[in-house]
Amino acid sequence: MLLELKNIKKYFPAKTSLFGRKKGFVRAVDGVSLTIQEGENLSLVGESGSGKTTLGRIILKLMPCDEGGIIFDGKDITRLSTGKMRPFRKDLQMVFQDPYNSLDPRFTVRNIIREAMVFERGKRRNQREEKIRALLSAVNLPLDTLNRFPHEFSGGERQRIAIARALSMNPKLLILDEAVSSLDVLVQDQIINLLMDIQTKFNLTYLFISHNLRIVRKISRKVGVMLKGKIVEMAPAEEIFNNPLHPYTKQLLSAALEYKVIPYQGDPDKTDGSLRDIGNGHFVAG
Amino acid sequence: MNKEGKSASQFSIAFKGFKRNRAALFCGWILALLYLAAIFADFLSPYSYRNEDRGYSYCPPMSIRIWDSQKGLTRPFVTGISLRFDQFHKRIYEPDFSKEYPVKFLTAGDEYLLLGVFPCRYHLFGVDAPGRIHVWGADSRGRDLFSRILYGSRVSLSIGLIGVTISFVIGLLVGGIAGYYGGRLDNIVMRICEMFMMVPGFYLMLALRAAFPPNLNSLQIYLLIVVIFSFIGWASLARVIRGMSMSLREREFVLAARAIGLSDFSIIIKHILPHTLSYSIVAVMLSIPGYILGESALSLLGLGIQDPYASWGNLLSEAMGIVSIQFAPWIILPGFFIFVTVMCFNIVGDGLRDCLDPLLRFEGKI
């Protein structure tokens, strides 16, 4: 088991009273449990605001969760301090949504990647340089890009740089937070092909956060459907696409792929949040 | 990308825009000249700041002549001065053509340390004793105003730079930390900032000056003024930087740096503060005049740099009476220098803001 989430909850205060007491909450993530095996790409799909990104950030401990447990590689990392978390950072990396935003515009490509090689500080300069070059060629970027700044690249190229940065730490789990959604369709395909390519080369597992079902179908082995902070359906990819059970899943599929359905008007909050086992590794809420 | 294949950072692109702004560039050169003059003040000035001759009290600016009534065209010279009093006991200086003192270049005079290191006694120009040259006149004690303005520029121009450096280091760090961590720490720090900003600067300055003993030597006073200014100046910058750092910490490259496992401090130094740079460069430029004016105001009131040491402010303190301005109008020249410097800093600051604006807009977003 590479990653196990147990009943993760994250509420954001929405309203505060006059004296700073928190009154209302937005339930960004509301009791999510899931597991990811090594090499088993999981996709989280759902509309904007369904808590996918928040969940990704919680796994990376970029924000604390209010409740629940994160077990990574057999160790509980939920309450680790920044310092104690550092060794795990190596194994958990993220590629962010907006490639125009996730690379520091004042850093050259070389410095962006070099900065991430925290665990190789001891190594000699030319060894590190060699590794940087190897990473660049792994993501199919020419070597003369090293001294350039992010603003000189297209979105797809930037995303490759971001992937190279994440790879520089040799992570086990790579969280791709809407990593291709801001790119155009052809470039999306290129990046997806690249990702599938390097998966075997670098022995990676992906947690793919997306609302793009076409891409999800290509890359993931398991798909979780999120709605209002809850997982409403979780099944192997083919199961979801061939046999969607939850009405919300059906609606998502119909919006993306030609699949006729009546819109889902229900509220997942009305159900108790537990998932029913349908068989074939297929779970559905309600 | 330029021809050599080297890439330009956004900063270097922005500064190309600055070069197109004629007014700002011109003012930049004036400032550069002023600072150069301050560095080489002791070489450029014919006398030291304390070289006085009471016989030349309020001597008006002398003209350098190149036409002799007998010899015709000669090398430049200044005439001697004859002094008489009119019926109101006012000093009347008249050129005494019987004495001619040729202006000599690279002539020996008062000793000084060039650049603070090399002992030297040569000055750019001067005349042989007993003649004196006062191109911009002399003050009440017969000290050369030109020399004293040059020496004074050392204090007045450097105090702005040093004060601004200290207060901006404090402001950047405090603002960066408060904005990055947010929460209660941010709340406390910002309330402290507001306390400083609440008190009118000039009165705080006077109060702080009064809190220290009056009999300090010149260097101590100089340092004291710098400290006082930095003490007042950091708060407003810290507040703006705090806001910027608050928005920057949500940016994905900061999240990426946290995911890498960089420490908070190195994230603030490497990823947050550099992005506030375009704002702070402009803010620095626009706040230096405040320091220069502040020092001048303190010295003008006699609370800053003390005689015989010169600063533009205490040179102006001689021009406080209407009588002295009427009889010796040249003693308000230091005021002109303050004006030019302040204006140049403002125009350069505006020019920088114009050219860094695209960056500002980029960094202000989200």
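Residues numbered from 1 in each chain as written. Chains lettered and ligands numbered in written order. Predicted model: local features only at pLDDT ≥ 70, side-chain atom pairs only at ≥ 80, totals over all residues. Heavy atoms only, no water.

1. Concerning the side chain of Asp177(A)
All names here are of chain A. Basically, it comes down to this: Segments assigned H or I by DSSP are reported as helices when at least four residues long, segments assigned E as strands when at least two residues long, and all are numbered from the N terminus. To sort residues, take the accessible area from a 1.4 Å probe on protein chains only and compare it with the maximum for the residue type: under 20% means buried, over 50% means exposed, and anything in between is partly exposed. By the counting rule applied here, Lys and Arg register as positive and Asp and Glu as negative, while His and the ends of each chain are not counted. We define a salt bridge as a side-chain nitrogen of Lys or Arg found within 4 Å of a carboxyl oxygen belonging to Asp or Glu. Any two residues whose heavy atoms approach within 4.5 Å at even a single point are treated as in contact.
Considering the arrangement of structural elements, one finds Asp177 in strand E7 (residues 173–177). Summary of buried charges: Asp177 has no salt-bridge partner, and the nearest side chain of opposite charge, Arg57, is 4.5 Å away. In contact with Asp177, not counting residues within four places along its chain, are Thr53, Arg57, Met94, Val95, Phe96, Gln97 and Ile209.

2. Some points on the pairing of strand E11 (residues 275–279) of chain A
All names here are of chain A. The test is simple: Paired strands, in this sense, are two strands between which DSSP finds at least two bridges.
When E11 meets strand E12 (residues 282–285), the two strands line up antiparallel, connected through four bridges. Opposite Asp277, over in E12, you have Phe283 as the bridge partner. Two successive antiparallel strands, E11 and E12, enclose a turn made up of two residues, where Asn280 displays a positive phi of approximately 60°.

3. Considering the sheet that holds strand E1 (residues 65–68) of chain B
All names here are of chain B. How we decide: Axis definition: a line fit to C-alpha positions, over the contact stretch in the case of helices; interaxial angles, taken between N-to-C directions, run 0 to 180 degrees.
What the three strands build is an open sheet, ordered E1-E2-E3; its pairing is antiparallel. Each end of this open sheet is capped by a strand with a single partner; those strands are E1 and strand E3 (91–102). On average, each strand axis in the sheet is tilted by 60° relative to the strand beside it, whichever way the strands run. Bridge count for strand E2 (residues 72–85) against E3 is nine bridges, and the pairing is antiparallel. The residue bridging Ile81 from the neighbouring strand is Pro95, located in E3.

4. Some remarks on the domain arrangement of chain B
Residues and elements named next belong to chain B. What counts is decided by this rule: An automatic or database domain assignment provides the domain bounds reported here. Here the quantity called buried area is the accessible surface, traced with a 1.4 Å probe, that two parts lose on coming together, added over both. Under the rule applied, a polar contact is a pair of N or O atoms within 3.5 Å (in protein, one hydrogen donor and one hydrogen acceptor; residues adjacent in sequence only if both atoms are side-chain atoms).
What the domain assignment reports for chain B is domain 1 (55–141) and domain 2 (148–364). Here the C-alpha centre of domain 2 lies 39 Å away from the C-alpha centre of domain 1. Contacts between the two partners involve 11 residues from domain 1 and, on the opposite side, 11 residues from domain 2. Together domain 1 and domain 2 conceal approximately 880 Å² of surface at their shared face, both sides included; 63% is due to carbon and sulfur atoms. When the area that domain 1 buries against domain 2 is broken down by residue, the three leading residues are Tyr58, Trp136 and Asp139, summing to 56%. Inspection of the region where domain 1 meets domain 2 yields one salt bridge. For the salt bridge of Asp139 with Arg148, the shortest nitrogen-to-oxygen distance reads 3.6 Å. Scanning the region where domain 1 abuts domain 2 turns up two residue pairs in polar contact (both at pLDDT 80 or more).

5. Looking at the pattern of salt bridges
Per the counting criterion, the structure on display carries 25 salt bridges over all chains. Between Lys270(B) and Glu115(A) there is a salt bridge; the shortest N-O distance is 3.3 Å. One end of the pair, Lys270(B), is in helix H9 (residues 264–272); the other, Glu115(A), is in helix H3 (residues 109–116), on a second chain. For Glu194(B), the salt bridge identified is with Arg191(B), shortest N-O distance 2.9 Å. With Glu194(B) and Arg191(B) both in helix H5 (residues 183–198), this residue pair falls three residues apart, about one helical turn. By relative accessible area, which is 30% here, Glu194(B) ends up partly exposed. Via salt bridges that share partners, Arg27(A), Asp30(A) and Lys230(A) belong to a single interconnected network.

6. A short note on the nonpolar core
As a reminder, the rule being used: Nonpolar core, defined: a set of buried Ala, Val, Leu, Ile, Met, Phe, Trp, Tyr and Cys residues in which side-chain atoms within 4.5 Å join the residues together.
Formed by 71 residues in total, the largest nonpolar core has its most connected members in Leu157(B), Ile267(B) and Trp312(B). Per element, the largest residue contribution to this core is 12 residues, and it comes from helix H7 (residues 218–248) of chain B. Not counting residues within four places of it along the chain, the set of residues in contact with Trp312(B) comprises Ile149(B), Gly152(B), Ser153(B), Ser156(B), Leu157(B), Pro334(B), Phe337(B), Ile338(B) and Thr341(B). Grouped together as the second largest cluster of nonpolar side chains are 52 residues, Leu136(A), Ala164(A), Leu195(A) and Leu227(A) included.

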